[in-house]
Protein chains: 2
Amino acid sequence: MDGKQNIPRPTARRLSLYLRELVVLLSANRTMVSSKQIGALLGLTDAQVRKDLTFVGQFGHSGVGYDVRKLHENLRRILGRDLIWNAALIGAGNIGRALLSYRPFDELNFHITSVFDSDPGSWGLVLNKRTVQPISELETTLENSGVRLGIIAVPSHAAQGVADRLVEYGIDGILNFAPRRLELSTDVIVSNVDFTLSFEQLAFQVAQASHLSPDKEIDDLSR
Amino acid sequence: MDGKQNIPRPTARRLSLYLRELVVLLSANRTMVSSKQIGALLGLTDAQVRKDLTFVGQFGHSGVGYDVRKLHENLRRILGRDLIWNAALIGAGNIGRALLSYRPFDELNFHITSVFDSDPGSWGLVLNKRTVQPISELETTLENSGVRLGIIAVPSHAAQGVADRLVEYGIDGILNFAPRRLELSTDVIVSNVDFTLSFEQLAFQVAQASHLSPDKEIDDLSR
DNA sequence: TTTTGTGAAACGCTTCACAGCG
DNA sequence: CGCTGTGAAGCGTTTCACAAAA
């Protein structure tokens, strides 16, 4: 087998996490690692890790574990991390600016090559070496730019419009920071980053935990 | 029944989304809404919506749908959105600053009441009305502050240390923006926002889609 | 021994399909 | 009728448990 069957979403997510740990192991000069050890690093069972890794191919060694270098290399290839990903950022507000100087992106072959905004006041501003352009220049700038990904960092109400323009241009994928579902006709791939939802889920779980604790006070304080 | 059984995670997530839509419906003065209509707004089936709403309690009306106001009110209560949530932000870098002025939080009863950073250069800075404090003041500032949530927006390598201090203080929940798993001894609730992972998953899916569709040009390598 | 790879069982969530009710 | 609420079926993922390998 060759890891060619469809990879389940939860597995794909974890593969990224495995790759992260493998990078650490590599730079620590570790040569072998077992499923149990990987699992321990991430709070997963060894069985889970092994099952996931069958999608990458099987080159573990019974009694020994996996070759760190080989596993790293294969994971990189499968996850598309051996490619360079150029992205256009739309929205030069607070979130957009944070992304422009977000360090972890630098190590991942992810490059934000251009920045667009609808606010004339921002046009011409140079943020981390990239000049903010009017959004009207989106299509002409992206033409033949090699940009396959779009990052939407505009207010909610403007997100759908931006998405439509990106799709029209022929974008392959969208990273959406607006707390809103994007309605997309074609088979463009979308990944959502929704702070608000994360915050709401956190509050919900905390509220629930408080109610479930032996003392069922509703207007309680922290212990 | 009373909506008291444990709510599955996927359902809890969607309940937040339903609440979002209900707010819109409310402000549009809609009084009734059917599961089918809610589903259409979010790309879900009507059955899914109805099943989810049984966890909120049953007050839908056969042949008519759900009372928007009543549903909204109950969802708010169940999701803990009728409470005020105070949070401490640790890390006044790019992401932290973006969060301090993140508009959507304003409407959610989420308040960042204090900001801490380890960089002396940032101490005393006033960001959106909040003064950056040295992280050494974390414990004394939070004491009796009503803060139950912590937001970690520091570099990866510092995240675990910050988490440990928050746990020691007695925090109830942590919103973690560092692309790293937090190891937490106690039953503190964590919600992760991992840009990097989202970006990686997007790239993976796009790469996979390209390989699967014959028409896409592949600047491929390796095998 | 230790650890992989994997069928099979268990689990959890979604979808189906329909009785019941206004 | 139209729409809810819900058992039951279906499906995808995780966990179990063990033969095989070194």
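Because the structure is predicted, anything quoted here is derived from the model rather than measured.

**Q** How do you make sense of the overall build of chain A when you look at a structure like this?
**A** Counting secondary structure elements, chain A contains 9 helices and 10 strands. The globule rule puts the C-alpha radius of gyration for 223 residues at 17 Å, and the 22 Å found for chain A is more than 25% above it. Along the first, second and third principal axes, the C-alpha set of chain A runs to 60 × 55 × 35 Å. Among the 223 residues that make up chain A, the fraction classed as buried is 51%. For chain A, long-range pairs separated by at least 24 residues make up 57% of all intrachain contacts whose partners lie at least 6 apart in sequence. When the accessible area of chain A is evaluated, it comes to approximately 11200 Å², of which 51% is carbon and sulfur surface. Within chain A, one finds 24 positive and 25 negative side-chain charges whose respective centroids are separated by 9 Å.

**Q** I keep staring at the pairing of strand β9 (residues 173-176) of chain B and nothing clicks. Help me out?
**A** Two faces, one strand: in a regular strand the side chains alternate between the faces of the sheet. Residue and element names in this part refer to chain B. Along β9, one buried face is formed by Gly173 and Leu175 and the opposite face, lined by Ile174 and Asn176, is buried too. Relative to β9, strand β8 (residues 147-152) is paired through 4 bridges, and the arrangement is parallel. Each residue of the ladder has a partner; that of Leu149, found in β9, is Gly173. The handedness of the β8 to β9 crossover, carried by helix α8 (residues 156-169), is right-handed. Bridge analysis of β9 against strand β10 (residues 189-192) gives 4 bridges, and the strand direction is parallel. Note that in β10 the partner of Leu175 across the bridge is Ser191.

Definitions and cut-offs
Every chain is numbered on its own, with residues counted from 1 as its sequence reads. Labels follow written order: the first chain is A, the first ligand is 1, and so on. Side-chain atom pairs in this predicted model are given and counted only at pLDDT of 80 or more, local residue features only at pLDDT of at least 70, and totals for whole chains, interfaces and linings cover all residues. Side-chain figures throughout are based on the complete set of non-hydrogen atoms in the structure, without hydrogens or water. The helix and strand labels rest on DSSP assignments: H or I over at least four residues marks a helix, E over at least two residues marks a strand, and numbering proceeds from the N terminus. Within these notes, the globule rule equals 2.2 Å times the number of residues to the 0.38 power, and the radius of gyration is based on C-alpha atoms. Burial here depends on accessible area, computed with a 1.4 Å probe over protein chains only, as a share of the maximum for the residue type. Under 20% is buried, over 50% is exposed, and the range in between is partly exposed. Contacts are assigned to residue pairs with any non-hydrogen atoms lying within 4.5 Å of each other. For the accessible areas, the method is Shrake-Rupley and the probe is 1.4 Å, while residue cover comes only from the protein chains on display. By the counting scheme adopted, Arg and Lys are positive, Glu and Asp are negative, and His together with the chain ends is not counted. Working definition for charges: the position is that of NZ of Lys, CZ of Arg, CG of Asp or CD of Glu. Two strands form a pair only when DSSP identifies at least two bridges running between them. Orient the strands so they point away from the viewer, and a crossover whose first-strand-to-second-strand path over the helix runs clockwise is right-handed.

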